[in-house]
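Structural description and commentary
Each chain, letter by letter, is given below.
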Amino acid sequence: MLAEKYPERIKQIFAKYPDKRSAVMPLLYLAQEEYGWLTEEALREVAGLCDIDPTQARSIAGFYTMFAEKPKGKYWLQVCTDLPCALRGADQFFHELCEYLGVDPEHGGTTDDGLFTVEPVMCLAACDKAPVLQNNFHFHENLNIEHAKQLIEKWRAEAAAEEDKDDEAE
Amino acid sequence: MTETVKITIDGQDYHVPKGMNLVDAAKLHGIEIPTFCYHPKMSPAGMCRMCLVELGSVQKDRESGEVLVDENGEPLVRWFPTLQTACTQTVHDGMVVRTQTERVAEGRSSIVEFLLTSHPLDCPTCDKGGECGLQELTMEYGPGESKFRYEDKHHAEKHVPLGDLIILDRERCILCARCVRYCDELVGEPVLGFHNRGRDLVIETVSDPPFDTVFSGNTTDICPVGALTTADFRFGARPWEMDPVPTICPHCPVGCNLTADTRLSADFGGKRAIKRIMPRQNEAVNEIWICDKGRFGHHHSRAEGRLRQPLMRRDGELVPVSWDEALATVAEKLVQHGSKAFFAAGHSLANEDLWELRKLARQTSRRAKLGLCPATVSGAQAVQQAGVGVGTRLQDLGAGDALLVIASDLYEHAPLWWLQVKQAAERGATVVVANARPTKLDRYAAHTVRYRYGEAARVLHNFAAMALRNDKLDAELLSARVEGWDALEEELKGSRVPAEQKSAAEALLEAQNLVVLAGNDGMGFEQHAELMQAAANLLIVSGHVGRANNGLVAVWPGANTQGALDMGFTSEAVGEAWEKPPAMWVLAEADPLGEDARMAQAFDQADFVVVAAQFLTATARRADVVLPVQSFAEREGTFTNGMRRVQRFYVAQSPLEGTLPAWKAFARLTERVKDGPKPFVAAEQVMQEITEKLAPYAEMSYANLAHVEEQFPPIRRDDLYYGGTAYENTGGLGLQWRTDAESPRKRLSVRPVERSARRWEGLLAVPLRVLYDRALPFAASALMDGHVPAPYAELNAEDAAALGVAEGDRIALEAGAARVELTARVNGHAPQGVVLVPQHLGDVLIAAPETCVVQKIEE
Amino acid sequence: MNLIRGFATTIKHLLEEPVTVQYPEEERPVRERFKGRHVLKRYENGLERCIGCALCAAACPAGAIWVEAAENTDEERYSPGERYAKVYEINMLRCIFCGYCADACPTQAIVLEHEYRLSFTDRRDAIYTKAQLLEPPPSGAADTPQQTEPGQFTRAIPEMEDPR
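Residues numbered from 1 in each chain as written. Chains lettered and ligands numbered in written order. Predicted model: local features only at pLDDT ≥ 70, side-chain atom pairs only at ≥ 80, totals over all residues.

Some thoughts on the overall build of chain A
Scanning chain A from N- to C-terminus turns up eight helices and five strands. Mapped in sequence order, the helices and strands of chain A form the string α-α-α-α-α-β-α-α-β-β-β-β-α. Seen through its principal axes, chain A has C-alpha atoms that stretch 50 × 45 × 25 Å. The buried share of chain A, reckoned over its 170 residues, is 31%. Across chain A, the fraction of contacts at a sequence separation of at least 24, relative to all contacts at a separation of at least 6, is 54%. (Helix = DSSP H or I, 4+ residues; strand = E, 2+ residues; numbered from the N terminus. Buried ≥ 20, exposed ≤ 12 C-beta atoms within 10 Å, placed from the backbone. Contact = placed C-beta atoms within 7 Å.)

Comments concerning the overall build of chain B
A count of helices and strands for chain B gives 26 helices and 37 strands. Taken over the C-alpha trace, chain B has a radius of gyration of 29 Å; the compact-globule value for 859 residues is 29 Å, and the two agree within 12%. The buried share of chain B, taken over its 859 residues, is 58%. Long-range contacts, defined here as pairs at least 24 residues apart, represent 75% of the contacts in chain B between residues at least 6 apart. (Rg over C-alpha atoms; globule rule 2.2 N^0.38 Å.)

Structural notes on the sheet that holds strand E28 (residues 637-640) of chain B
All names here are of chain B. Spatially, E28-E29-E30 is the arrangement adopted by the three strands of the open sheet, whose pairing is antiparallel. Bordering the open sheet on either side are E28 and strand E30 (735-736), each of which pairs with just one other strand. Judged from the four bridges that link them, E28 and strand E29 (residues 645-649) form a sheet pairing that is antiparallel. Within the sheet, the bridge partner assigned to Thr-638 lies in E29 and is Arg-648. (Pairing = 2+ DSSP bridges.)

A closer look at the environment of B:Leu565
Mapping B:Leu565 onto the fold places it in helix H17 (residues 561-566). Setting aside residues no more than four positions away along its own chain, B:Leu565 makes contact with B:Leu372 and B:Ala380.

What to know about the sheet that holds strand E5 (residues 127-128) of chain C
Residues and elements named next belong to chain C. One open sheet accounts for three strands, arranged E2-E3-E5; its pairing is antiparallel. Across the chains shown, the open sheet's two edge strands, defined by having one partner strand only, are strand E2 (65-71) and E5. When strand E3 (residues 83-91) meets E5, the two strands line up antiparallel, connected through two bridges. Pairing of Ile-90 across the sheet is with Tyr-128, part of E5.

Quick look at the domain arrangement of chain A
Taken domain by domain, chain A holds domain 1 (2-63) and domain 2 (75-169). Computed over C-alpha atoms, the centres of domain 1 of chain A and domain 2 of chain A are 28 Å apart. (Domains from an automatic or database assignment.)

Overview of the confidence of the model for chain B
Across chain B, pLDDT averages 94, with 100% of residues at or above 70. Here the predicted complex carries an ipTM of 0.89, next to a pTM of 0.94. (pLDDT = per-residue confidence, 0-100.)

Notes on the domain arrangement of chain B
Residues and elements named next belong to chain B. Looking at chain B, the domain boundaries give domain 1 (4-150), domain 2 (152-298), domain 3 (311-377 + 562-697), domain 4 (380-555) and domain 5 (764-856). On a C-alpha basis, the centres of domain 4 and domain 5 stand 29 Å from each other. Split into classes, the residues belonging to the side of domain 4 that touches domain 5 amount to five nonpolar, three polar and two charged. (Nonpolar A, V, L, I, M, F, W, Y, C, P; charged D, E, K, R; others polar.)

Notes on the nonpolar core
In summary, soluble globular proteins display a tendency toward joint burial of nonpolar side chains. Residue and element names in this part refer to chain B. Within the largest apolar cluster, 280 residues are counted, with the highest numbers of intra-cluster contacts made by Leu-403, Val-421, Val-516, Ala-518, Ala-535, Leu-552 and Val-835. Sort the elements by how many residues they give to this core and helix H16 (residues 525-541) lands first, with 11 residues. In contact with Ala-518, other than residues within four places in its own chain, are Ile-406, Ala-407, Ser-408, Leu-531, Met-532, Ala-535, Leu-552, Ala-554 and Val-555. (Core = buried A, V, L, I, M, F, W, Y, C linked by C-beta atoms within 7 Å.)

Some points on the interface of chain A and chain B
Listed by partner, the interface residues are nine residues for chain A and 11 residues for chain B. The greatest single-element share of the side of chain A that touches chain B, amounting to seven residues, is contributed by helix H5 (residues 54-63) of chain A. A class-by-class count of the residues in the side of chain A that touches chain B yields two nonpolar, four polar and three charged.

Observations regarding the interface of chain C and chain B
With 21 residues of chain C at the contact, the number on the chain B side is 15 residues. Ranked by residues supplied to the side of chain C that touches chain B, first place goes to E2(C) with four residues.

Points about the packing of helix H3 (residues 24-35) of chain A against helix H4 (residues 40-50) of chain A
Residues and elements named next belong to chain A. Where H3 contacts H4, the two axes come as close as 10 Å, and the packing angle between them is 145 degrees. The hand of the H3/H4 crossing is right-handed. On H4, the residues touching Val-24, Leu-27, Leu-28, Ala-31 and Tyr-35 of H3 are Ala-42, Glu-45, Val-46, Leu-49 and Cys-50. Its residues assigned to classes, the contact of H3 with H4 comprises nine nonpolar, no polar and one charged. (Axes fitted to C-alpha atoms, helices over the stretch in contact; angles between N-to-C directions. Left-handed = near helix turned anticlockwise from the far one by under 90°.)

Things to note about helix H23 (residues 683-693) of chain B
Note: α-helices contain 3.6 residues per turn, so residues at a spacing of three or four share the same orientation. Residues and elements named next belong to chain B. Among the residues of H23, those classed as buried are Ala-683, Val-686, Met-687 and Ile-690. Angular distribution of buried residues about the axis of H23 spans 95 degrees; they occupy a single face of the element. Looking at the packing, one finds that the buried side of H23 touches helix H8 (351-364), E28, helix H22 (662-672) and helix H24 (702-705). (Arc of directions from axis to C-beta.)

Notes on the pairing of strand E37 (residues 850-856) of chain B
All names here are of chain B. Pairing geometry for strand E32 (residues 764-768) and E37, over two bridges, is antiparallel. Residue pairing in the sheet places Leu-764 in a bridge with Thr-851 of E37. With five bridges connecting them, strand E34 (residues 810-815) and E37 associate as antiparallel partners. Looking at the pairing, Leu-813 lines up with Val-854 of E37.

Remarks on the packing of helix H12 (residues 456-469) of chain B against H16(B)
All names here are of chain B. Packing of H12 against H16 leaves a shortest axis separation of 8 Å and a crossing angle of 15 degrees. Taken together, the axis directions place H12 and H16 in an arrangement best described as roughly parallel. Here H12 runs over H16; the crossing is left-handed. Touching Ala-456, Ala-457, Leu-460, His-461, Phe-463, Ala-464 and Ala-467 of H12 are Gln-527, Glu-530, Leu-531, Ala-534, Ala-535, Asn-537, Leu-538 and Val-541, all from H16. (Parallel < 35°, antiparallel > 145°, perpendicular 65-115°, else oblique.)

Section: helix H7 (residues 323-337) of chain B
Residue and element names in this part refer to chain B. The end-to-end C-alpha distance of H7 is 21 Å, a good match for the 21 Å that 15 residues give at a rise of 1.5 Å each. Turning to H7, its buried residues are Ala-326, Leu-327, Val-330, Ala-331, Lys-333, Leu-334 and His-337. Down the axis of H7, the smallest arc covering the buried residues is 165 degrees, so these residues share one side. Where H7 ends, the next residue or the one after it, Gly-338, has phi of about 50 degrees, a positive value. (Expected span 1.5 Å × (residues − 1).)

Looking at unusual backbone geometry
Of note, the bond from B:Phe712 into B:Pro713 is cis; its omega dihedral lies within 30 degrees of zero at 0 degrees. When you line up the elements, B:Pro713 lands in the loop between H24 and helix H25 (720-723). Residue C:Pro145 is bonded to the preceding C:Thr144 through a cis peptide linkage, with omega at 0 degrees. Relative to the helices and strands, C:Pro145 resides in the segment after helix H4 (130-133). One non-glycine residue, B:Phe235, adopts positive backbone phi at about 65 degrees. With respect to the helices and strands, the residue B:Phe235 is situated in the loop between strand E11 (228-230) and strand E12 (243-248). B:Phe235 gets classed as buried once you count the C-beta atoms within 10 Å, which come to 23.

Re the pairing of strand E33 (residues 792-795) of chain B
All names here are of chain B. Relative to strand E35 (residues 818-825), E33 runs parallel, the two sharing three bridges. Across the sheet, residue Glu-794 finds its bridge partner in E35, namely Arg-825. In terms of strand pairing, E33 meets strand E36 (residues 834-838) through two bridges, oriented antiparallel. In the sheet register, Glu-794 faces E36, and the bridge partner there is Leu-836.

Considering the environment of B:Gly563
Its location among the elements puts B:Gly563 in helix H17. Note: C-alpha distance between B:Gly563 and B:Arg427 (136 residues apart in sequence) is 32 Å.

Put into structure tokens, the structure is as follows:
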């Protein structure tokens with residue numbers, strides 16, 4: 001339960017806003033941080049905290065692409081395919097990236113090992129640096145597919161190293 | 001007079017009320033600005049872009065404020081460079097609008113084209129086909145063909161239940177958000193929302209329970225496409241095939257104006273049946289809304305259980321007999337018992353029925369008593385003196401006005417009034433809610449007053465005392481024509497007012513207009529009489545009587561309790577009959593044995609019981625003769641609502657063979673008792689007689705009741721897109737009868753209410769009325785069955801703990817003559833020492849508060 | 001002379017084959033576009049084409065058609081989509097065989113075919129019910145109602161041509 005685990009943080013968040021319902025977005029981030037994605041329970045919890053209806057909370061979570069309504073891979077990759085980015089080849093980049101990771105090239109998806117989730121999103125506010133890839137909210141700009149492949153391999157190695165470490169620890 | 005501003009639309013000048021929405025202002029003068037998302041009863045959203053117009057304003061000199069003119073002397077207009085949405089504009093002086101230019105036409109055409117890219121072409125199977133805003137505007141403004149590829153058409157789920165009453169078709173939805181805003185703004189239960197965005201945007205609900213408000217059906221009316229349909233009507237008929245018949249809701253004292261859409265039906269033996277119930281506009285009553293009980297509660301009129309021929313007891317069994325035989329037997333018994341016969345009416349009988357029953361009673365004996373069931377109400381005199389003024393519309397109350405809701409859970413007892421009081425609160429009116437238990441309206445109340453059961457009248461007495469103390473008296477009225485003021489003043493001077501009541505009273509007495517909505521929640525008729533008197537006292541001494549938007553609204557339990565009181569039927573008479581049981585009972589749509597366990601003993605010695613009913617009720621099963629009468633759907637008549645508005649309903653459905661309208665049955669009986677008068681042929685003649693003999697009803701001829709005046713906003717003319725599919729009022733707006741306060745020559749009277757509040761020892765069982773119950777006739781609607789809870793009782797947490805009862809436990813409750821088993825609920829609604837027991841969920845219970853014993857049933 | 005010409009014509013016609021058809025022993029074939037009694041058609045899988053939209057009834061100038069619709073379920077499916085005709089009746093005494101119903105039908109469910117032997121001894125018999133009007137299911141296909149897979153028949157008009 002968020003309310004029990006983070007009473008202080010929630011209090012601070014509420015303090016920033018004139019009324020409770022305005023705090024819904026930071027609280028959704030908090031829930032996402034806690035549970036990895038916005039489960040139905042998480043949405044109900046946040047709605048309860050903000051004194052709004054769960055449908056309203058979900059409405060907000062559904063509108064913004066930075067809220068995950070489904071479980072995501074360890075690396076959550078978002079590519080903007082809106083018009084300005086597409087003009088710089090972002091859609092082509094997205095298809096190639098999907099193909100490289102072996103997921104649906106139209107809509108993206110999560111890799112079988114659960115490591116990567118790729119999805120097309122609307123506007124990441126970096127049209128001038130397209131194609132742009134956002135990995136867990138961190139930007140990688142002016143990419144081409146070769147560069148992206150290197151990044152992927154780097155993250156893969158990172159993940160493998162972490163796993164080894166965990167194994168050793170056990 | 002409201003302030004007006006001058007605007008120019010298509011070169012023509014118009015004066016319109018200041019602050020009005022541009023779409024409404026244009027509509028007011030018959031100019032069409034097409035919309036999908038804008039609705040005259042809701043705030044604008046600017047989502048659909050259909051209302052695009054060219055917009056500008058007259059330029060004025062900044063210093064002098066003079067209008068600048070060009071070389072031809074025409075005013076200079078500064079135009080917006082692009083088309084603007086009219087629905088997001090409120091009118092201002094010098095606004096210039098063009099709605100007929102080519103640019104506007106092109107804009108509208110493009111919007112329609114866009115909307116149709118994701119709209120299926122399934123008009124043939126769509127319930128809205130034929131009364132659809134999108135169809136209408138596509139024909140009018142659409143391009144006729146599309147630049148978009150048909151294969152790229154958007155597909156979505158076609159059957160998404162949003163609850164068990166409303167079904168969403170996501171493919172048809174044009175995302176106008178009318179339903180979302182309706183739930184959020186009007187009902188205050190934001191259970192519908194958008195999810196996702198762009199092309200994937202959909203309406204959904206994840207609330208628990210889902211779309212379950214009692215006002216859910218209205219969304220299907222305001223939906224400009226066929227996206228929302230009711231489970232009740234789905235595919236019932238095409239709109240053009242049905243005949244709309246104006247009628248009145250028989251379920252509660254609001255008296256919502258309805259239209260019954262009827263059609264011949266194979267399921268109903270090829271006869272005319274009601275296919276769906278729709279709201280009918282009456283801005284003074286229900287505006288364009290109705291609750292789900294009214295919308296879906298029409299099935300009883302065709303239910304299996306309806307009585308279809310007279311029954312008579314022979315050898316202990318009720319067996320079918322002819323009308324002739326039944327009437328002859330009853331008439332004979334009436335003559336035999338004479339003054340020992342007692343007559344009682346239910347609260348949903350039409351005025352015509354009540355009148356004929358009264359005539360029958362008088363024909364039987366001059367001293368015949370007229371009873372009203374359920375025997376829990378009183379206060380006819382309070383209403384006659386201090387009832388709301390003629391012309392009262394709750395929707396006119398706002399900032400500076402006040403509403404007091406006492407002893408009523410409006411959401412359960414009169415949903416439409418709940419909706420209107422809530423909206424008044426949101427417009428700035430001061431709402432005070434006084435009740436012994438929390439209710440749903442508390443959320444919108446500026447002040448909440450809690451009293452103990454039995455003390456309701458005391459609260460109003462204290463409010464009147466505050467009027468005296470704060471010098472909020474209407475001295476002129478008091479000195480001119482109020483009797484009994486001295487005695488009351490004496491009493492008021494001595495009362496001690498608790499602090500929370502002081503602030504509430506002050507807020508109420510500050511107001512310009514004050515309406516008191518008084519119910520009978522948790523009281524018997526003795527306490528209700530006191531409460532109504534106290535309400536009349538308060539309103540009279542503070543001068544809030546005799547004019548529109550002031551006075552008393554009685555939240556009666558029945559659709560025509562007011563009419564019954566007007567005709568002289570009283571609960572007090574039933575009380576007397578209980579104490580001194582009559583030899584013969586004549587009951588018209590009254591079910592005392594089904595409502596009050598105590599009543600059984602009053603029937604023990606009865607020699608003869610006659611029941612006129614639609615169903616074989618508990619009382620009908622005890623009867624010696626049962627007369628099958630018709631439901632509201634099958635006959636015409638009038639109801640008088642809680643604001644004393646007499647309203648007409650018409651014949652909608654083919655009557656069941658073998659049944660008669662109650663008035664006709666009584667008239668035929670009257671004829672057989674001591675050579676009574678010949679029966680009338682038509683209900684209209686009965687009303688004619690009422691107008692001649694009952695003073696307040698002098699104006700209520702059928703012709704006057706059918707009178708209709710132009711209402712704003714105009715609903716369902718040639719523009720279904722604007723107000724939705726609620727019906728235009730063609731059946732009559734009805735008439736309110738005038739209170740004494742409105743007749744300057746009539747004297748008013750006040751009197752102190754009982755000083756000592758009624759107290760009970762020990763645990764108190766308090767009956768509760770809930771909207772969805774198993775009372776006939778409503779229970780016969782299978783669709784609503786899932787909404788009626790199993791019999792339960794609400795306990796206070798402390799009492800529950802003391803009794804060792806937890807939520808969900810089975811308990812045995814013994815109160816007076818009632819012994820029942822119920823499921824316990826411990827949810828904080830019951831005050832300490834009180835067990836709330838909803839009526840009409842199962843076994844016969846109590847009709848008024850009674851001390852009780854509760855025991856847990858061990859498994 | 002005229003007399004001879006007259007007799008010649010008569011004799012010529014005497015020798016010609018008669019055009020009279022010995023109905024009912026013998027039936028005259030009808031033209032392809034002849035408009036006889038209505039038939040309610042089915043799809044190849046046996047589902048009814050009629051979706052109960054009642055546009056035929058709306059188009060009928062004689063008010064001869066009566067339709068009452070109801071909702072399909074996957075357990076009991078009569079036609080594709082959500083709606084089907086629960087009651088479908090045509091009063092053949094009223095019908096003027098104009099074919100407007102067939103023109104109005106969005107699914108080509110109602111067709112005026114070649115049956116013209118319509119005579120009744122009772123006015124009630126002139127009302128053809130759905131059971132009488134509906135053609136038998138194609139060979140190999142099941143009769144309605146059918147049990148179908150959820151999501152298989154969600155649209156009332158399954159294969160629609162580009163309306164442009």
